[in-house]
Amino acid sequence: AVDQGRNASVFIPPGARLAFSSNVACSGDMLLSVRSSGEGATLDGKKSSNMFDISGGCSLYLEALHFVDGIGDRGGAVLAKGAGDIAMKDVSFTGCEASESGGGMFVE
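To keep things clear, this report deals only with the structure shown in the data block. Computed from a predicted structure; not experimentally measured.

### So, the overall build of the protein
Across its full length, the protein holds zero helices and 13 strands. Mapped from its N terminus to its C terminus, the protein presents α and β elements in the order β-β-β-β-β-β-β-β-β-β-β-β-β. Counting only C-alpha atoms, the protein reaches 35 × 30 × 20 Å along its principal axes. Burial statistics for the protein: of 108 residues in total, 39% are counted as buried. Once local pairs closer than 6 in sequence are excluded, the contacts in the protein between residues at least 24 apart make up 75%. Carbon and sulfur atoms make up 48% of the accessible area of the protein, which totals about 5,300 Å².

### Remarks on the nonpolar core
Core analysis: the largest hydrophobic core is formed by 21 residues, its most contacted members being Leu32, Leu43, Phe52, Ile54, Leu62, Leu65 and Phe67. Going through the elements one at a time, β5 (31–35), β6 (41–44), β7 (52–55), β8 (59–68) and β10 (78–81) are the ones with two or more residues in this core. A per-element tally of this core places β8 first, with four residues. Non-local contacts of Phe52, meaning those with residues more than four positions away in its chain, are made with Asn23, Val24, Leu32, Val34, Leu43, Leu62, Phe67, Ala77, Val78 and Leu79.

### As for the environment of Lys81
As for its placement among the helices and strands, Lys81 is situated in strand β10. When its relative accessible area of 39% is taken as the criterion, Lys81 is described as partly exposed. Setting aside anything within four residues of it in sequence, one finds Lys81 in contact with Ile54, Ser55, Gly56, Arg74 and Glu108.

### Observations regarding the packing of aromatic side chains
What the rule picks out here adds up to three aromatic pairs. Measuring from ring centre to ring centre gives 5.2 Å for Phe67 and Phe93, while their planes differ by 10°; the resulting arrangement is stacked. Placement of the pair is Phe67 in strand β8 and Phe93 in strand β11 (residues 86–94), with a sequence separation of 26 residues. Taking relative accessible area as the criterion, Phe93 reaches 31% and is therefore assigned partly exposed. Pairwise contacts between aromatic rings join Phe20, Phe52, Phe67 and Phe93 into one cluster.

### Quick word on the sheet that holds β7
Here four strands make up an open sheet; going across it, the order is β4-β7-β10-β13 and the pairing parallel. Bordering the open sheet on either side are β4 (24–27) and β13 (105–107), each of which pairs with just one other strand. Ignoring strand direction, the axes of neighbouring strands in this sheet form an average angle of 5°. Pairing of β10 with β13 involves three bridges; the strand directions are parallel. Counterpart to Val78 in the pairing with β13 is Met105.

### Overview of the state of the cysteines
According to the stated counting rule, one finds one disulfide in the structure shown. The structure places no disulfide on Cys96, whose sulfur is separated from the nearest cysteine sulfur, that of Cys58, by 19 Å.

Conventions adopted
- Residues numbered from 1 in each chain as written.
- Predicted model: local features only at pLDDT ≥ 70, side-chain atom pairs only at ≥ 80, totals over all residues.
- Heavy atoms only, no water.
- Helix = DSSP H or I, 4+ residues; strand = E, 2+ residues; numbered from the N terminus.
- Buried < 20%, exposed > 50% of the residue type's maximum accessible area, 1.4 Å probe, protein only.
- Contact = heavy atoms within 4.5 Å.
- Areas by Shrake-Rupley, 256 points an atom, 1.4 Å probe, with all protein chains shown as cover.
- Core = buried A, V, L, I, M, F, W, Y, C linked by side-chain atoms within 4.5 Å.
- Phe/Tyr/Trp six-rings, centres within 6.5 Å; stacked < 30°, edge-to-face > 60°.
- Pairing = 2+ DSSP bridges.
- Axes fitted to C-alpha atoms, helices over the stretch in contact; angles between N-to-C directions.
- Disulfide = S-S within 2.5 Å.

Functional significance is not addressed by these values, which are geometric in nature.
If you want it as structure tokens, here you go:
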């Protein structure tokens, strides 16, 4: 991650696959940018976790990412509750499940 004051930016190389055992939480007045390029990168919840928990005004930008096998009560890949702006470009969700609401993403 690159710290940009109250912002954080992460670039994941195209073709990379990252496995999650717990989520990345972001809360507060900041922007979290997670992106790849070209064919994109894969973020894998391994049917054990969602990948992002966004709240408290945190904004999220996602680009060229493939979310797979995320799981949660709400938002199999991304839970955004009380978040700031959420923006996505070239993002896909496959095999993400939620027991309550929002298979891939839940925004409230």
